[in-house]
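Here's the letter readout for the chains.
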Amino acid sequence: MTTIFVRNNGNDPLVDSFNGTTYNFATGEEVEIPEIAAKHIFGYGDDNKEPYLVRLGWMKMNTDYPMAMDRLGRFSFSRESSKPVHVSAPVVERVAAPMPKARVAAKGPSKADE
């Protein structure tokens, strides 16, 4: 599943749902959503944005189109997150403690010497 990172750069928050999941696009926040949800909500990848603008309630008449597109333009879409990636400390392999050297049995008279 391909995900899209959506950032609301506008002043108005947006809450919308897709497939039983609610997405909250707060101002200035980046939200990771499935690409199919981005298409359903914003018309991501579709050249004709009118049905999506109407569904969002941003366009009621054709004269609302420029203002609705301006509002849509306040959202940015990316395949990669703009958040800095936090790299944790490298994993240190655990090595077993060295085993004590085996004791060598004291040599006593061997049976061959008898």
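Draft legend 1. Main features of the packing of aromatic side chains. In the structure shown here, the tally under the stated rule is seven aromatic pairs. A centroid spacing of 6.4 Å and a plane angle of 85 degrees characterise the contact between Phe25 and Phe75, whose relative ring orientation is edge-to-face. Linking Phe25 in strand β3 (residues 21–25) with Phe75 in strand β5 (residues 75–78), this pair joins segments that are 50 residues apart in sequence. For Phe75, a relative accessible area of 7% corresponds to the buried category. Note on Phe42 and Phe77: the rings are 5.2 Å apart at their centroids and 70 degrees apart in plane angle, and the pair reads as edge-to-face. Residue Phe42 is located in helix α1 (residues 35–42), and its partner Phe77 is located in strand β5; the two are separated by 35 residues in the primary sequence. Taking relative accessible area as the criterion, Phe77 reaches 29% and is therefore assigned partly exposed.

Draft legend 2. Region of interest: the side chain of Asn8. Here Asn8 shows up in strand β1 (residues 3–8). Asn8 gets classed as buried once you look at its relative accessible area, which sits at 1%. Looking at Asn8, its side chain comes within polar contact range of the main-chain nitrogen of Gly10, at 2.9 Å. Side-chain polar atoms of Asn8 contact the backbone oxygen of Asp12, separated by 2.9 Å. Apart from the residues lying within four places of it in its own chain, the contact partners of Asn8 are Pro13, Leu14, Phe25, Ala26, Thr27, Gly28, Glu29, Arg74 and Phe75.

The rules behind each value
- Residues numbered from 1 in each chain as written.
- Predicted model: local features only at pLDDT ≥ 70, side-chain atom pairs only at ≥ 80, totals over all residues.
- Heavy atoms only, no water.
- Phe/Tyr/Trp six-rings, centres within 6.5 Å; stacked < 30°, edge-to-face > 60°.
- Helix = DSSP H or I, 4+ residues; strand = E, 2+ residues; numbered from the N terminus.
- Buried < 20%, exposed > 50% of the residue type's maximum accessible area, 1.4 Å probe, protein only.
- Polar contact = N/O pair within 3.5 Å; in protein donor to acceptor, adjacent residues only side chain to side chain.
- Contact = heavy atoms within 4.5 Å.

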